[in-house]
Amino acid sequence: MVGLLLLSSLVTAQHSLISQEGVFNSYADEQQPVLSEDGSRVYFTRGHHEANSGKKADPGDIYVSILDDSIGWTSPQHIDGSLNNKYYNGIIGFLNKKDLLLYGTYETSTTPTGLKGVSWAREIQAITDYSKAKPMAIKYYKHRSEMNGYALSKDGTVLVMSMESYKTVGAEDLYISLWNQQGRYWSEPIHLGSVINTPLQELSPNLSADNRHIYFSSNGHSGYGSRDIFVSSRLDDTWTNWSVPKNMGPEINTEGAEMYFNYYPEHELAVFTSTLNSDGYGDIHFLDLSVEEREEVLEQELILVDTEVQESNLAAPLV
C-alpha cells in the first residue's frame with residue numbers, strides 16, 4: 001500500500017505539546033484528552049478537583065487549554081455553564097468546527113435527571129461559551145457500567161464505545177455505532193467480537209484516521225501493568241473481524257494503567273493517560289511518535305488520510 005502523506009495547513013501544534021505535561025496535570029484525575037482538528041486546543045476531563053461544578057466529589061468536568069503564539073499552552077480553563085455539571089462530563093470529538101459530541105449526564109426536557117448518554121452542543125461565541133447540550137439517539141442503547149469510553153472517527157461517521165451492554169463477554173467490551181444520516185441517529189451498537197474483547201475490561205477506544213485500526217486499553221490481554229494500550233487492525237468491512245491485538249510497547253505502557261491513547265499522524269504526536277506516579281489518578285502524557293515508528297508496531301504501512309473533515313460528511317445534528 002502507498003501512504004498518502006497529508007501536510008496539514010495548520011501545523012502550529014506540532015511538537016509543541018512535548019514536555020508540556022505540567023500545564024495539564026494536577027493533583028486531580030486527568031483523562032480523555034482530545035486535540036482539536038487544527039491542533040490549537042486540547043480538551044480533557046478533570047475529575048475530583050475543587051474547581052469542578054460539584055467540587056471534589058465531581059467525577060469529571062471538561063477543561064480546555066489553548067495554544068497562544070506568544071506564551072504557548074495556556075492554563076486549562078474550566079468550561080462553565082452548559083457543558084459541565086455535578087455528573088461526569090467529557091468530550092468525545094468534533095461533529096464539525098462548531099459542534100462538539102459529548103458524553104455525560106445532562107438534564108433535558110426529554111430525559112430524566114441522571115440518565116447517561118451521548119449529546120451535542122454548539123459553540124456560540126467563544127471557545128468556552130456553548131449552547132445547552134442536546135441528546136443524540138443511539139438505537140437500542142444500554143450502558144450498565146460506571147466506566148465510560150467514547151470516541152468519534154475523524155470523518156464523524158463512526159462512534160466507538162467501551163461499555164457493558166448486550167453481548168458483553170466481560171466487564172466492558174468494545175462496540176461501534178454508525179451514523180444514519182437520513183434518520184439522524186446512531187445505529188444499534190455492533191459488538192467487535194472475541195478477538196478484541198475478553199472476559200476482563202476493554203476501555204477507552206480510539207480509531208485511526210482511516211478507520212482501519214483501533215487503539216484501546218485492556219487488562220484482558222498480556223501486558224506490562226494493570227491496563228495497557230493495544231492496537232488491532234480491521235480485516236474487512238464487517239467491523240467484527242480484527243487482527244490479534246498488539247501491545248504498544250514499554251515506551252507507552254507501564255506498571256500503571258494507561259488509557260485514552262490517540263495518535264495524530266499529521267503532528268506525529270501520541271496522546272494518552274497513565275496512572276504511574278499519580279496515586280491512582282490519571283495524568284496526560286504526550287509522546288513524539290513518528291509515522292515510521294507507528295508502522296513498526298502495526299507491521300504494515302500506515303495510510304494517512306486527509307484529517308480535515310468535510311462539512312458534507314459530518315454527522316451534523318439538526319439545529
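Report follows, based on the coordinates. Note that the structure is predicted; figures quoted are calculated from it, not measured. (Residues numbered from 1 in each chain as written. Predicted model: local features only at pLDDT ≥ 70, side-chain atom pairs only at ≥ 80, totals over all residues. Heavy atoms only, no water.)

**Observations regarding the overall build of the protein chain**
- Assigned secondary structure in the protein chain consists of two helices and 21 strands.
- For the protein chain, the share of sequence-separated contacts (at least 6 apart) that also reach a separation of at least 24 residues comes to 50%. (Helix = DSSP H or I, 4+ residues; strand = E, 2+ residues; numbered from the N terminus. Contact = heavy atoms within 4.5 Å.)

**So, the sheet that holds strand E15 (residues 202-207)**
- Taken in spatial order, the four strands make up an open sheet running E15-E16-E17-E18, and their pairing is antiparallel. Edge positions in the sheet fall to E15 and strand E18 (246-247), since each has one partner strand and no second.
- Relative to strand E16 (residues 213-218), E15 runs antiparallel, the two sharing four bridges. For Leu203, the partnering residue across the bridge sits in E16 and is Ser217. (Pairing = 2+ DSSP bridges.)

**Let's talk about the pattern of salt bridges**
- One pass over the structure, following the stated rule, counts six salt bridges.
- Between Arg41 and Glu123 there is a salt bridge; the shortest N-O distance is 3.7 Å. Of the two residues, Arg41 is situated in strand E2 (residues 41-47) and Glu123 in the loop between strand E8 (116-122) and strand E9 (134-135); the sequence distance between them amounts to 82 residues.
- Relative accessible area serves as the criterion here: at 13%, Arg41 is assigned to the buried category.
- For Glu123, a relative accessible area of 14% gives the class buried.
- Between Arg234 and Asp237 there is a salt bridge, and its shortest N-O distance comes to 3.7 Å.
- Overlapping salt bridges bring together Arg41, Lys98 and Glu123 as one network. (Salt bridge = Lys/Arg side-chain N within 4 Å of Asp/Glu carboxyl O. Buried < 20%, exposed > 50% of the residue type's maximum accessible area, 1.4 Å probe, protein only.)

**Considerations on the nonpolar core**
- By size, the foremost hydrophobic cluster in this structure holds 20 residues, and its most contacted members are Ile92, Leu101, Val118, Met136, Tyr150, Leu159 and Trp186.
- Listing elements by their share of this core, those giving two or more residues are strand E7 (99-105), E8, strand E10 (149-152), strand E11 (158-163), strand E12 (173-180) and strand E19 (258-264).
- Judged by nonpolar contacts, the second largest core, of 14 residues, contains Val34, Val64, Phe94 and Ala133. (Core = buried A, V, L, I, M, F, W, Y, C linked by side-chain atoms within 4.5 Å.)

**Examining the sheet that holds strand E6 (residues 89-94)**
- Strand order in the open sheet made by the four strands is E6-E7-E8-E9, with antiparallel pairing throughout. Each edge of the open sheet is held by one strand with a lone partner, namely E6 and E9.
- Bridge analysis of E6 against E7 gives five bridges, and the strand direction is antiparallel. Each bridged residue has a counterpart across the sheet, and for Gly90 the counterpart in E7 is Tyr103.

**Some points on the pairing of strand E1 (residues 29-35)**
- Burial within E1 is extensive, with seven of its seven residues counted as buried.
- Bridging between E1 and E2 involves five bridges; their strand directions are antiparallel. Of the residues in E2, the one forming a bridge with Gln31 is Thr45.
- The loop that links E1 with its antiparallel partner E2 comprises five residues; one of these, Gly39, has a positive phi angle of about 80°.

**Notes on the packing of aromatic side chains**
- Using the criterion set out here, one finds twelve aromatic pairs in the structure.
- Residues Tyr103 and Tyr150 carry aromatic rings whose centres are separated by 4.4 Å and whose planes lie at 20° to one another, so their mutual orientation is stacked. With a gap of 47 residues between them, Tyr103 in strand E7 and Tyr150 in strand E10 connect regions that are remote in the sequence. With respect to class, Tyr103 is no different from Tyr150; both count as buried.
- Members of the aromatic cluster, connected to one another through ring pairs, are Phe24, Phe44, Tyr63, Trp73 and Phe286. (Phe/Tyr/Trp six-rings, centres within 6.5 Å; stacked < 30°, edge-to-face > 60°.)

**Brief notes about the environment of Ile214**
- The topology assignment puts Ile214 in strand E16.
- Placed 19 residues apart in sequence, Ile214 and Ser233 show a C-alpha to C-alpha distance of 6.5 Å.
- Once you skip the residues sitting within four places of it in the chain, Ile214 turns out to touch Val160, Leu174, Leu192, Ile196, Pro205, Asn206, Leu207, Phe230, Val231, Ser232 and Trp242.

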